[in-house]
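Examination of the molecular architecture
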Amino acid sequence: MSKLFTPENSALLLIDHQVGTMKLIKNIDVEQAKRMSLALAKAASILGIPTVLTSSQEDRLQGPLLPELRDILPDAFDKRVKREGIVNAWTDTNFKAAVEATGRKNLIMAGVTTDVCLVFPAIDAVAEGYNVQAVMDASGSPYELSEDMSRRRMQDAGVILTATNTMIAELAQNWGSPNGQKLIQLLFTEVLPPIEA
């Protein structure tokens, strides 16, 4: 099982990036978290990485998934796993079946919130033999304390913590390749701060 995450051996899991839940992010800028989440989705689209989207109780305060995800990954959006209250997505049979159907053992995960929606499935996936990278700037929590505790708990369980630009660079491997050129364009237009002249 390769520890290097490549487009051929990885899947992207975006957990509960919903209009309502996004508003709970207070430990980082919510617009940045949204931008990074969408950048991950765009990278997956460019590279053909299988993506599983899931939401929880869309008809309640959590609200619908970010509508931009429909534009970026229409197929994954239509096939999203709608959970009716199960906190740990990994214990939802439909979600787990969708992950297994990707055939990938390297999982790129982000979730909103980190301290409820990401921490549990990330830890459970590692316990079942998956390699997991949790993308922390595409996730977030209501409180610094709960975010910090969740990060520590994930790291202790073997989850690798990363950031969007690092994840995209790992997937690209070579900026000079056709896909690498698309990814570096994505980085400079939507992920990295502007380079001042």
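Preceding this paragraph is the structure being described.
These figures come from a predicted structure and were not determined experimentally.

1. Observations regarding the environment of Ile195
- Position of Ile195 relative to the elements: it lies in the segment after α9 (178–191).
- Taking the C-alpha atoms as reference points, Ile195 and Arg80, 115 residues apart in sequence, are found 37 Å from one another.

2. With respect to the pairing of strand β5 (residues 131–135)
- Burial runs high along β5: five of the five residues are buried.
- Relative to β5, strand β4 (residues 106–111) runs parallel, the two sharing four bridges. By the bridge assignment, Met109 is partnered in β5 with Ala134.
- Bridging between β5 and strand β6 (residues 160–162) involves three bridges; their strand directions are parallel. Across the sheet, residue Gln133 finds its bridge partner in β6, namely Ile160.
- What joins β5 to β6 is helix α7 (residues 144–157), and the crossover it makes is right-handed.

3. Digging into the pattern of salt bridges
- Taken as a whole, this structure holds nine salt bridges when the rule is applied.
- The residue Arg152 makes a salt bridge to Asp148 at a minimum N-O spacing of 3.0 Å. Taken as a pair, Arg152 and Asp148 lie in helix α7 at a separation of four residues, close to a single helical turn.

4. Some remarks on the nonpolar core
- Ranked by size, the top nonpolar core spans 36 residues in total, and within it Leu14, Leu40 and Leu69 carry the most contacts.
- Ranked by the residues each element gives to this core, the list is headed by helix α2 (residues 30–47), at nine residues.
- Membership of the second largest hydrophobic core comes to 24 residues, among which are Cys117, Leu118, Ile123 and Met136.

Calculation notes
- Residues numbered from 1 in each chain as written.
- Predicted model: local features only at pLDDT ≥ 70, side-chain atom pairs only at ≥ 80, totals over all residues.
- Heavy atoms only, no water.
- Helix = DSSP H or I, 4+ residues; strand = E, 2+ residues; numbered from the N terminus.
- Buried < 20%, exposed > 50% of the residue type's maximum accessible area, 1.4 Å probe, protein only.
- Pairing = 2+ DSSP bridges.
- Right-handed = clockwise from strand over helix to strand, strands pointing away.
- Salt bridge = Lys/Arg side-chain N within 4 Å of Asp/Glu carboxyl O.
- Core = buried A, V, L, I, M, F, W, Y, C linked by side-chain atoms within 4.5 Å.

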